[in-house]
Amino acid sequence: MNNKFKNITYVTVFYTVICLIGCSNIASTSIASNDTSVSDTLYSHFKELFHVGAAINEETILGYDSQSEKIVTTEFNSITPENSLKWMFIQPKPNEFNFSVADKYVQLGLDNNMHIVGHALVWHSQLADFMQDIQNSAEMNAHVQNHVNTVVSRYKGKINAWDVVNEAFNEDGSLRESVFYNQMGEDYIDQVFRWAAKADPDADLIYNDYNVYKPLKRAGILRLVEKLKSNGTKISGVGVQAHWDLNSPSLKEIEQIILDIASVGVPVSFTELDISVLPSPWEMVGAEVSQNFSIFEGDPKMNPYPNGLPDVIQNQLAKRYEDIFKLFVKHKDKISRVTFWGVMDKHSWLNDWPIKGRTNYPLLFDRNYQPKKAYQTVLDLSTTD
Ligand code: XIL
């Protein structure tokens, strides 16, 4: 990470300029007013504890968004491709691979001496269409093996950690009946981890999922970790997506995630952290959970802050991030990485999911690439508990 130190001067200039031109939204926590924090950046602040990363989009990878790239290379020491390594983009047709964006992604990480994450090898979403139509288990096995082997081998020694299997569990802890499960059988996860380990024995291999705070789902994931370990299959950690909101999950629930995963002998990575400040459609529809929330599109009740985040919510967001990072510091020995799902609010997927066309504020940098109050509260945290 030595390259990073070269950037400290840039960071100083960067924030000095930002504050000179007036960053009104962080006026109450002005970075310029505190000389000791000027050279502090997210990754350097937590450097001795865990990696701090961001998911980056294609514009950033291709160099079309220099402001985003600047933040990524000064504030973070790990990157994840938001979409560019997903199956539908990497292998859209049988055995037709397209690595052009992925190669640039990996090169960006190498050039900046970053911890590089691969996301995601086997996932039922954003899968190539041809994979959905396969009705034969030998054919399914062959395609999955070929995909895992081809992609992992290509970046052997470069990609440091892979989300090997993503979202394989139902909420009750049973295995999701994905095309992989249906064609390859219930041991498919073990098999996929073995193929990945063979292709790059040194890469960290992670199982990644959402709603890990829910006890039944977590129990399923923990059973998987124990099973793989007892089979002698390499698994290096559990990835907790961490698409959370201002109130849920509770700090107690988050702490339980960390303790339970550590209890099966693997570290936790928070792989997709963002905090939605908008109303949840799941609460609005009660028990009738539907994935189609288009009924709420354009509903002002569901999009209360289209013109800016009121201070009171900005403060709540800052406090929420502060509380969460306090927990991360407390359990630093059990956590290997904290990655934000995006760089700045404007490009967050949460503007369009689960309801299209909203204005959300889930990250540490605002729509103008300026650090928010939450950024400063996180940086002000002591890193010794
Ligand atoms: C999301 C991306 O952010 C969006 O741009 C894309 O349209 C859909 O996927 N869990 C994951 C991520 O593992 O890959 C998802 O990323 C968000 C949920």
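None of these values were measured; they are calculated from a predicted model. (Residues numbered from 1 in each chain as written. Predicted model: local features only at pLDDT ≥ 70, side-chain atom pairs only at ≥ 80, totals over all residues. Heavy atoms only, no water.)

Student: Before we go on, may I ask you to explain the overall build of the protein in this structure?
Tutor: Each helix and strand counted, the protein has 16 helices and 9 strands in total. Here the protein holds 385 residues, and the buried ones make up 56% of them. In the protein, the proportion of contacts linking residues at least 24 apart, taken out of those at least 6 apart, comes to 79%. A total of about 16300 Å² of accessible surface is found on the protein, and carbon and sulfur atoms cover 49% of it. (Helix = DSSP H or I, 4+ residues; strand = E, 2+ residues; numbered from the N terminus. Buried < 20%, exposed > 50% of the residue type's maximum accessible area, 1.4 Å probe, protein only. Contact = heavy atoms within 4.5 Å. Areas by Shrake-Rupley, 256 points an atom, 1.4 Å probe, with all protein chains shown as cover.)

Student: What's the story with the site of the ligand in this structure? I'm lost.
Tutor: The environment of the ligand is formed by 13 residues, the closest being Glu82, Lys86, His119, Glu272 and Trp341. In this structure, Asn166 approaches the ligand through a side-chain N or O atom, which is 3.0 Å from an oxygen atom. A distance of 2.9 Å separates an oxygen atom of the ligand from a polar atom in the side chain of Trp341. Here the ligand has 410 Å² of accessible area as a free molecule, and 78% of this is covered by the chains. Here the ligand is seated within the largest pocket. For the shell around the ligand, a count of residues per class yields 3 nonpolar, 6 polar and 4 charged. (Near = heavy atom within 4 Å. Polar contact = N/O pair within 3.5 Å; in protein donor to acceptor, adjacent residues only side chain to side chain. 1 Å grid on protein atoms, 1.4 Å probe; cavity = no way out; pocket = protein on both sides within 12 Å on 5 of 7 lines; lining within 4 Å. Sits in = over half its atoms within 2 Å of the grid points. Nonpolar A, V, L, I, M, F, W, Y, C, P; charged D, E, K, R; others polar.)

Student: Would you mind showing me how to read empty space enclosed by the protein here?
Tutor: Where empty space is left can be seen by rolling a probe of water-molecule size over the atoms. Scanning all chains against the criterion turns up 4 cavities of 30 Å³ or more. Of the voids in this model, the largest cavity is the one considered here, and its volume is about 60 Å³. Taken together, the residues that form the lining of the largest cavity break down as 4 nonpolar, 5 polar and 1 charged. (Points joined across faces, edges and corners; volume = space filled by probe spheres on them.)

Student: Can you help me understand the layout of surface pockets in this one?
Tutor: The computed volume of the largest pocket comes to approximately 1200 Å³. Lining the largest pocket are 43 residues, and of these Tyr210, Asn211, His243, Trp282 and Trp353 lie nearest its centre. Taken together, the elements giving at least two residues each to the lining of the largest pocket come down to β7 (243-245), β8 (268-276) and α14 (281-284). At the level of secondary structure, the elements contributing two or more residues to the lining of the second largest pocket comprise α11 (188-199) and α12 (215-230). Here the lining of the second largest pocket takes 5 residues from α12, the largest share from any one element. Classifying every residue of the lining of the second largest pocket gives 5 nonpolar, 3 polar and 5 charged.

Student: Whenever I open this one, the environment of Lys47 confuses me. Can you help?
Tutor: Within the secondary structure, Lys47 is located in the loop between α3 (42-45) and β1 (51-56). A residue is classified by how much of its surface remains accessible, and Lys47, at 29% relative accessible area, is partly exposed. A C-alpha to C-alpha distance of 9.9 Å links Lys47 and Phe76, two positions 29 residues apart in sequence.

Student: Which parts of the structure should I look at to understand the nonpolar core?
Tutor: Core analysis: the biggest nonpolar cluster contains 110 residues, and Val144, Trp162, Phe180, Trp244, Phe325 and Phe328 have the highest contact counts within it. Ranked by residue count, the leading element in this core is helix α15 (residues 311-330), at 9 residues. With residues up to four places along the chain from it excluded, the contact list for Trp244 reads Pro249, Ile254, Ile257, Phe270, Leu273, Asp274, Ile275, Ser276, Arg320, Ile324 and Phe328. (Core = buried A, V, L, I, M, F, W, Y, C linked by side-chain atoms within 4.5 Å.)

Student: It is not clear to me how α11 should be interpreted in this structure. Could you clarify?
Tutor: In an α-helix there are 3.6 residues to a turn, and that puts residues three or four apart on one side. For α11, built from 12 residues, the straight-helix expectation of 16 Å at 1.5 Å per residue is met to within 8% by its first-to-last C-alpha distance of 17 Å. For α11, the buried fraction is high: 9 of the 12 residues fall into the buried class. If you check which residues of α11 are buried, you get Tyr188, Ile189, Asp190, Val192, Phe193, Trp195, Ala196, Ala197 and Ala199. Considering only its buried residues, α11 is in contact with β3 (115-122), α9 (137-154), β4 (161-166), α10 (179-184), β5 (204-209) and α12. (Expected span 1.5 Å × (residues − 1).)

Student: Sorry, what's going on with the side chain of Asp245 here?
Tutor: Tracing the sequence through the fold places Asp245 in strand β7. An unpaired buried charge is present at Asp245: no salt bridge exists, and Arg320, the closest side chain of opposite charge, is 5.1 Å distant. Within the structure, the side chain of Asp245 is placed 2.7 Å from the backbone nitrogen of Ser248, a separation counted as a polar contact. Setting aside chain neighbours within four positions, we find Asp245 in contact with Ile275, Ser276 and Arg320. (Lys, Arg positive; Asp, Glu negative; His and termini not counted. Salt bridge = Lys/Arg side-chain N within 4 Å of Asp/Glu carboxyl O.)

Student: Is there a simple way to think about helix α7 (residues 100-111) in this case?
Tutor: In this model α7 runs 17 Å from its N-terminal to its C-terminal C-alpha over 12 residues, within 8% of the 16 Å that 1.5 Å per residue would give. When we look at burial in α7, the residues that qualify are Val101, Ala102, Tyr105, Val106, Leu108 and Gly109. With its buried residues spanning 155 degrees around the axis, α7 presents them on a single face. Contacts from the buried residues of α7 go to β1, α4 (58-61), α5 (66-75), β2 (78-81), α6 (87-90) and β3. Taken from the residues just after α7, Asn113 is the one with a positive phi, measuring 55 degrees. (Arc of directions from axis to C-beta.)

Student: Would you take a moment to explain the pattern of salt bridges for this structure?
Tutor: Two side chains of opposite charge can pair, provided their charged atoms sit close to one another. With the rule as written, the count across this model stands at 13 salt bridges. A salt bridge links Glu171 to Lys217; the nearest nitrogen and oxygen atoms lie 2.6 Å apart. One end of the pair, Glu171, is in the loop between β4 and α10; the other, Lys217, is in helix α12, and 46 residues separate them in sequence. Residue Lys217 is classed as buried on the basis of its relative accessible area, which comes to 0%. A salt bridge links Asp323 to Lys319; its shortest N-O distance comes to 2.9 Å. Note that Asp323 and Lys319 are positioned in helix α15 at a spacing of 4 residues, about one turn of the helix. Within the structure, one salt-bridge network assembled from shared partners comprises Glu171, Asp209, Lys214 and Lys217.

Function-wise, these values are silent; they only describe arrangement.
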